[in-house]
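# Chain and residue survey
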Amino acid sequence: QVQLVESGGGLVQAGGSLRLSCAASGRTFSNYVMAWFRQAPGKEREFVAHISRSGGSTSFADSVKGRFTISRDNAKNTVSLQMNSLKPEDAAIYYCAATTSGSYYVTSAYRYWGQGTQVTVSS
């Protein structure tokens, strides 16, 4: 079992920044590929970013590429999502997720999920 707890969401003006964090507990954090997904009202949950076990490889959805960065600290069992130049369309509940295998861009690959943190972007 892996428990994931997100924090850092809130209300920000368009063009602003937020940093989301996800704290993991349970099994060895470095065994897991980590990702962030988001879900806006009335929409499906979508991939935002992923980071490999070592942190050496990352990928991003086209909609956030160049604005968001993902990082992890395996010593502290945390993964973070730095979000810059936020747009109203970035507003959603953001979820942290963990997996050991599978296609890292799809929700079905992830066995463990946090409860989510709300990001609201005002225009």
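Residues numbered from 1 in each chain as written. Predicted model: local features only at pLDDT ≥ 70, side-chain atom pairs only at ≥ 80, totals over all residues. Heavy atoms only, no water.

It is worth spelling out the packing of aromatic side chains at this point. Summed over the entire model, instances satisfying the criterion amount to seven aromatic pairs. Note on Tyr32 and Tyr112: the rings are 6.0 Å apart at their centroids and 80° apart in plane angle, and the pair reads as edge-to-face. With Tyr32 in the loop between β3 (18–26) and β4 (33–39) and Tyr112 in strand β10 (residues 112–113), this pair connects stretches of sequence that are 80 residues apart. Relative accessible area serves as the criterion here: at 7%, Tyr32 is assigned to the buried category. Here Tyr112 falls in the buried class, since its relative accessible area comes to 10%. For the ring pair Phe37 and Tyr110, a centre distance of 5.2 Å and an interplane angle of 75° mean the geometry is edge-to-face. Placement of Phe37 in strand β4 and of Tyr110 in the loop between β9 (92–99) and β10 is noted, with a sequence separation of 73 residues between them. Residue Phe37 is classed as buried on the basis of its relative accessible area of 0%. Overall, the relative accessible area of 5% leaves Tyr110 in the buried class. (Phe/Tyr/Trp six-rings, centres within 6.5 Å; stacked < 30°, edge-to-face > 60°. Helix = DSSP H or I, 4+ residues; strand = E, 2+ residues; numbered from the N terminus. Buried < 20%, exposed > 50% of the residue type's maximum accessible area, 1.4 Å probe, protein only.)

Among the structural elements, Met34 can be located in strand β4. Classification of Met34 by relative accessible area gives buried; the value is 0%. Sequence separation between Met34 and Ser85 is 51 residues; the distance between their C-alpha atoms is 23 Å. The residues touching Met34, leaving out its near neighbours within four places in the chain, are Leu4, Cys22, Phe29, Ala49, His50, Ile51, Ile70, Arg72, Val79, Cys96, Ala97 and Ala98. (Contact = heavy atoms within 4.5 Å.)

These figures capture arrangement, not role.
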